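# Residue-level structure breakdown
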Amino acid sequence: MGSITQKLVDLLNVQQLDDYLFQGQNTRLFGSHLFGGQILGQALIAASKTTDRPAHSLHAYFIRSGRTDLPILFKVENLRDGKSFATRQVHALQEGLVIFSALISFAIPEDGLNYQTIEPNYPSPEELISEQQHKQMISEDIPEFMRSIVMRQFNIKIHPVQPFNPFKPVKGETNYAEYFQTFETIPDELNSRMMHQAIAAYYSDYNLLTTSLRPHGVSYAIGDVRSASLDHSIYFHHDFKVDEWLLYDMHATVSSQSRGLNFGRMWQGGKLVCSVTQESLMRDLRSSS
């Protein structure tokens with residue numbers, strides 16, 4: 001039995017079958033539906049293994065719900081290898097059907113003009129309780145049939161800035177923030193920029209969707225809404241280490257047409273290292289009940 005972090009990197013480190021063909025395994029986190037962050041991280045690893053340049057952007061669509069009881073086949077297409085940029089398209093398939101598609105761009109690092117917006121000011125992670133401690137505090141509100149799944153330790157350490165109870169939702173602001181890092185250092189044999197980017201992509205989908213639900217006081221956990229990630233984009237601005245604390249600051253700007261638009265920014269050492277954009281499904285089920 002490996003450590004939590006070893007299991008995570010083993011999950012994301014897809015097996016190469018051919019030059020542009022890869023296979024990924026699954027882990028069961030939230031029932032039978034595949035966690036979108038897992039597909040993001042695995043697709044990024046698959047595409048990264050076909051080039052020697054780091055990724056600078058990823059634009060993806062979740063096309064069908066994935067299943068945790070089936071392996072995933074990742075087909076990578078080399079669209080271009082230029083002097084500065086390389087572009088790959090990745091399709092993830094289960095039972096012959098495309099469940100996910102992404103365009104990923106890679107670039108040779110270079111110097112240039114630099115600017116960033118101001119980092120938000122939050123308490124340090126050491127001043128905050130962990131997500132697991134918060135789960136213990138609200139455990140009595142979790143229905144018995146869901147308790148074992150909800151109480152399971154997530155494979156990344158999280159310290160929420162504003163803990164919330166999805167089983168007793170209240171209307172709130174459209175911003176939310178968490179600190180995160182892996183439980184252990186990344187194993188030496190997989191300690192690459194590719195793996196750090198993939199773990200950040202994996203985590204970026206974990207709570208981003210909930211920001212657009214907050215102003216409505218609804219929650220997927222109690223059946224108020226049907227929610228799912230529809231698309232996901234990530235921009236990588238600077239190098240970072242996921243085995244050291246990062247701040248993930250999230251906010252939502254609009255909800256309409258049963259969709260919400262969510263944004264995220266990851267900070268480390270005063271630098272804005274990643275930006276994330278996601279549109280999510282948020283179909284109100286209360287009127288049909």
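Our subject is the structure listed above.
Structure report, in brief. (Residues numbered from 1 in each chain as written. Predicted model: local features only at pLDDT ≥ 70, side-chain atom pairs only at ≥ 80, totals over all residues. Heavy atoms only, no water.)

## Quick look at the overall build of the protein
Along its length, the protein carries 5 helices and 12 strands. The globule rule puts the C-alpha radius of gyration for 289 residues at 19 Å, and the 19 Å found for the protein is close to it. Structurally, the protein occupies a C-alpha span of about 55 × 45 × 45 Å along its principal axes. Burial analysis of the protein (289 residues in total) assigns 51% to the buried set. Surface summary for the protein: the accessible area is close to 14200 Å², and the carbon and sulfur share equals 50%. Charge centroids of the protein, computed over 25 positive and 31 negative side chains, lie 6 Å from each other. (Helix = DSSP H or I, 4+ residues; strand = E, 2+ residues; numbered from the N terminus. Rg over C-alpha atoms; globule rule 2.2 N^0.38 Å. Buried < 20%, exposed > 50% of the residue type's maximum accessible area, 1.4 Å probe, protein only. Areas by Shrake-Rupley, 256 points an atom, 1.4 Å probe, with all protein chains shown as cover. Lys, Arg positive; Asp, Glu negative; His and termini not counted. Charge placed at Lys NZ, Arg CZ, Asp CG, Glu CD.)

## What about the side chain of Gln-38?
With respect to the helices and strands, Gln-38 occurs in helix H2 (residues 36-48). Engagement of the side chain of Gln-38 in a polar contact is seen with the side chain of Asn-26, the distance being 2.8 Å. (Polar contact = N/O pair within 3.5 Å; in protein donor to acceptor, adjacent residues only side chain to side chain.)

## Looking at the pairing of strand S11 (residues 259-268)
As paired elements, strand S10 (residues 246-256) and S11 share 9 bridges and run antiparallel to each other. Considered in S11, the bridge of Ser-255 is made with Gly-260. Adjacent in sequence and paired antiparallel, S10 and S11 are bridged by 2 residues, among which Gln-257 carries a positive phi angle near 55°. Note: S11 against strand S12 (residues 271-284), 10 bridges, orientation antiparallel. Each residue of the ladder has a partner; that of Leu-261, found in S12, is Glu-279. A loop of 2 residues connects S11 with S12, the two strands running antiparallel in sequence, and Gly-269 in this loop sits at a positive phi of about 60°. (Pairing = 2+ DSSP bridges.)

## Some thoughts on unusual backbone geometry
Phi at Glu-95 takes a positive value of approximately 50°, unusual for a residue other than glycine. Residue placement: Glu-95 occurs in the loop between strand S5 (85-94) and strand S6 (97-107). Of note in the backbone geometry, Gln-257 takes a positive phi value of approximately 55° without being a glycine. Position of Gln-257 relative to the elements: it lies in the loop between S10 and S11. Judged by its relative accessible area of 63%, Gln-257 is exposed.

## Digging into the pattern of salt bridges
For the structure on display, the rule yields 9 salt bridges. Of the charged contacts in the structure, one is a salt bridge between Glu-95 and Arg-67, with a shortest N-O distance of 3.6 Å. Placement of Glu-95 in the loop between S5 and S6 and of Arg-67 in the loop between strand S3 (55-62) and strand S4 (72-81) is noted, with a sequence separation of 28 residues between them. As a salt-bridge pair, Asp-141 and Lys-168 come within 3.4 Å of each other at their nearest N and O atoms. Remark: Lys-168 occurs in the loop between strand S7 (157-160) and strand S8 (175-181) and Asp-141 occurs in the loop between helix H3 (131-137) and helix H4 (144-150); sequence separation between them is 27 residues. By relative accessible area, Lys-168 is classed as exposed at 53%. (Salt bridge = Lys/Arg side-chain N within 4 Å of Asp/Glu carboxyl O.)

## Remarks on the sheet that holds S7
Pairing between the strands of a sheet is mediated by backbone hydrogen bonds and can be parallel or antiparallel. Here we have 12 strands laid out as an open sheet, ordered S1-S2-S4-S5-S6-S3-S9-S12-S11-S10-S8-S7, and antiparallel in their pairing. Strands at the two margins of the open sheet, each flanked by one partner only, are strand S1 (15-18) and S7. Along the sheet, successive strands turn relative to each other by an average axial angle of 25°, direction set aside. Strands strand S2 (21-24), S3, S4, S5, S6 and strand S9 (225-236) of the sheet are contacted by H2, whose axis makes an angle of about 50° with S6. Against the sheet, helix H5 (residues 193-204) contacts S3, S7, S8, S9, S10, S11 and S12, and its axis sits at roughly 155° relative to S9. (Axes fitted to C-alpha atoms, helices over the stretch in contact; angles between N-to-C directions. Contact = heavy atoms within 4.5 Å.)

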